[in-house]
Amino acid sequence: MHDVPTRTGDTTPGAASSGSSGAVAGEREPLSAGLKQRHLTMLGLGGVIGAGLFVGSGAGIAVAGPGIVLSYLIAGALAMLVMRMLGEMSAAMPASGAFSVHAERALGRWAGFSVGWLYWFLLVVVLAVEATGAAQIAHGWVPAVPQWGWVLLFMVVFTVANLSAVKNFGEFEFWFATLKVTAIVLFLGLSVLAVFGVLPDTEPAGLSNLTGHGGLLPHGWGGVVSGVLAVVFAFGGLEVVTIAAAESDDPARAVGRAVRSAVWRILFFYVGSMVVIVTLLPWSSMEPGKSPYVAVLDSIGVPGAGQIMNIVVFVALLSALNANLYGSSRMVFSLAERGEAPRALLTVSGGGVPRRAVLASVAFGFVSVLLNLEWPDSVFLYMLNAVGAVLLFVWGLIAVSQLRLRPRIEREAPGKLALRMWAFPYLTWAALAAMGAVLVLMLTDDTARPQLLWSAGATGAVLLVAGLRELRERRAGR
């Protein structure tokens, strides 16, 4: 838990100890404890329910057919294992830098520096995609306002919300997530009724769409594997809940509850959605880039299905934009605390908000948006490819950190293991092997290979900088 000092104006605290010498060293951070358990629970549930599910899942169905259910089970199982590891470490050692702090304690400063800056870069680049996507939808509703005008409005609104108080971020995310979860629950309810022919003008769906059109695995296990590549990155975003937990009244308890509730329910939402979609509609009718949710709602006679889903996707994009701005600002603040980013970013408001870290993140995010608007197929495409596989690098370091820290925590403070990784260390090693398999598959896939190579280049560049910094500090006798 963080001790929050009372202040009346902006202060610049000294850098906190990284705690790398001990597994469970306490850290005193000057951030607000304004997030409640309901905020974290809904952030965990809504954090990965976004455009990747509502729209991007169509691409997975197109390559895997009904086998997309297995693809989501495999990808979801991997995400669940990673979150369990991260939840274990965050419950024992809550910190605003979450896995960056854990990596530093487990492996050294180079690891904390590398994973922190790569994750920050990932968030501010993806932020541009979300802002642009939301602006495109809004421009379709109100053509009189240019797309750049909507982008500017969204960036200003969420910057103000993140600058004022952390509870504002929590409230935004609570209601955004509530709408998304409600939409999924209603969709599943209507779809199940349609499957059994309970809705007016519907007949029981039967198994024809599962057994016909090539069967359950029309493209064999290769299609399932391709489906995994198409959907695994949709689970990115869960990590933010462990960053946010550090700003709650009881971080250890809060992160444990959020992780426990989120992973199972999200897997249910994702896999449940895919089951009803491929049961109600022929998988061959799915088109990449078009929402299978709209197709299902249209098929069962829901009026205005397209516009309803446009609203849901719009909210999902704004929710992700808000969460990424929050996560990026806390990550760079944590880096500054540990001397891995400019100390000027340590300025914290009287309400416990790292304002300069927020402004730095939104400034780079706005540059990314401008690049996306002006050069979506050149400069911004290279940036997007450069972060395409970074999530796997982050997940890999989470797993390695957990392997190193778990024995240390058991030795030094076993009482802090409020949440434990299942079947340690076997499932941790299994998760690492699965991540390695995904990287190999990306290397052999013509579509995914450029992302992997560009991301490897970006990761290599950050690792080189981290290594040079450590070498310089050793020579200076630090």
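Before going into details, it helps to say that this report is about the structure given with it. None of the values given here were measured: they were computed from a predicted structure. (Residues numbered from 1 in each chain as written. Predicted model: local features only at pLDDT ≥ 70, side-chain atom pairs only at ≥ 80, totals over all residues. Heavy atoms only, no water.)

Moving on, we get to the overall build of the protein chain. Within the protein chain, the secondary structure is distributed over 19 helices and zero strands. Over its C-alpha atoms the protein chain spans a radius of gyration of 22 Å, differing by no more than 12% from the 23 Å that the globule rule assigns to 478 residues. With the C-alpha coordinates aligned to their principal axes, the bounding extent of the protein chain is approximately 75 × 55 × 40 Å. Residues classed as buried in the protein chain amount to 57% of the 478 residues present. Once local pairs closer than 6 in sequence are excluded, the contacts in the protein chain between residues at least 24 apart make up 81%. About 18600 Å² of surface is accessible on the protein chain, with carbon and sulfur atoms providing 66% of the total. Once the 31 positive and 27 negative side-chain charges of the protein chain are each reduced to a mean point, those two points are 10 Å apart. (Helix = DSSP H or I, 4+ residues; strand = E, 2+ residues; numbered from the N terminus. Rg over C-alpha atoms; globule rule 2.2 N^0.38 Å. Buried < 20%, exposed > 50% of the residue type's maximum accessible area, 1.4 Å probe, protein only. Contact = heavy atoms within 4.5 Å. Areas by Shrake-Rupley, 256 points an atom, 1.4 Å probe, with all protein chains shown as cover. Lys, Arg positive; Asp, Glu negative; His and termini not counted. Charge placed at Lys NZ, Arg CZ, Asp CG, Glu CD.)

Our next topic: the pattern of salt bridges. Counted according to the given criterion, the structure contains 11 salt bridges. For Arg338, the salt bridge is made with Glu104, and the minimal N-O distance between the two is 2.9 Å. Placement of Arg338 in the loop between helix H14 (305-337) and helix H15 (355-374) and of Glu104 in helix H5 (residues 99-107) is noted, with a sequence separation of 234 residues between them. As far as the burial class goes, Arg338 and Glu104 line up, both buried. A salt bridge links Arg109 to Glu473; the nearest nitrogen and oxygen atoms lie 3.1 Å apart. On the criterion of sequence distance, the pair formed by Arg109 in helix H6 (residues 109-141) and Glu473 in helix H19 (residues 449-475) is long-range, its members being 364 residues apart. Each of the salt bridges in this network shares a partner with another, and the network as a whole consists of Glu88, Arg406, Glu410 and Arg420. (Salt bridge = Lys/Arg side-chain N within 4 Å of Asp/Glu carboxyl O.)

This paragraph deals with the packing of H6 against H15. Running from amino to carboxyl end, H6 crosses H15 at an angle of 50 degrees, the nearest separation of the two axes being 8 Å. On the basis of their axis angle, the class for H6 and H15 is oblique. Pair H6 / H15 crosses with right-handed handedness. Touching Trp120, Phe121, Val124, Val125, Leu127, Ala128, Val129, Ala131 and Thr132 of H6 are Ala360, Ser361, Phe364, Gly365, Ser368, Val369, Asn372 and Leu373, all from H15. When its residues are assigned to classes, the contact of H6 with H15 shows 12 nonpolar, five polar and no charged. (Axes fitted to C-alpha atoms, helices over the stretch in contact; angles between N-to-C directions. Parallel < 35°, antiparallel > 145°, perpendicular 65-115°, else oblique. Left-handed = near helix turned anticlockwise from the far one by under 90°. Nonpolar A, V, L, I, M, F, W, Y, C, P; charged D, E, K, R; others polar.)

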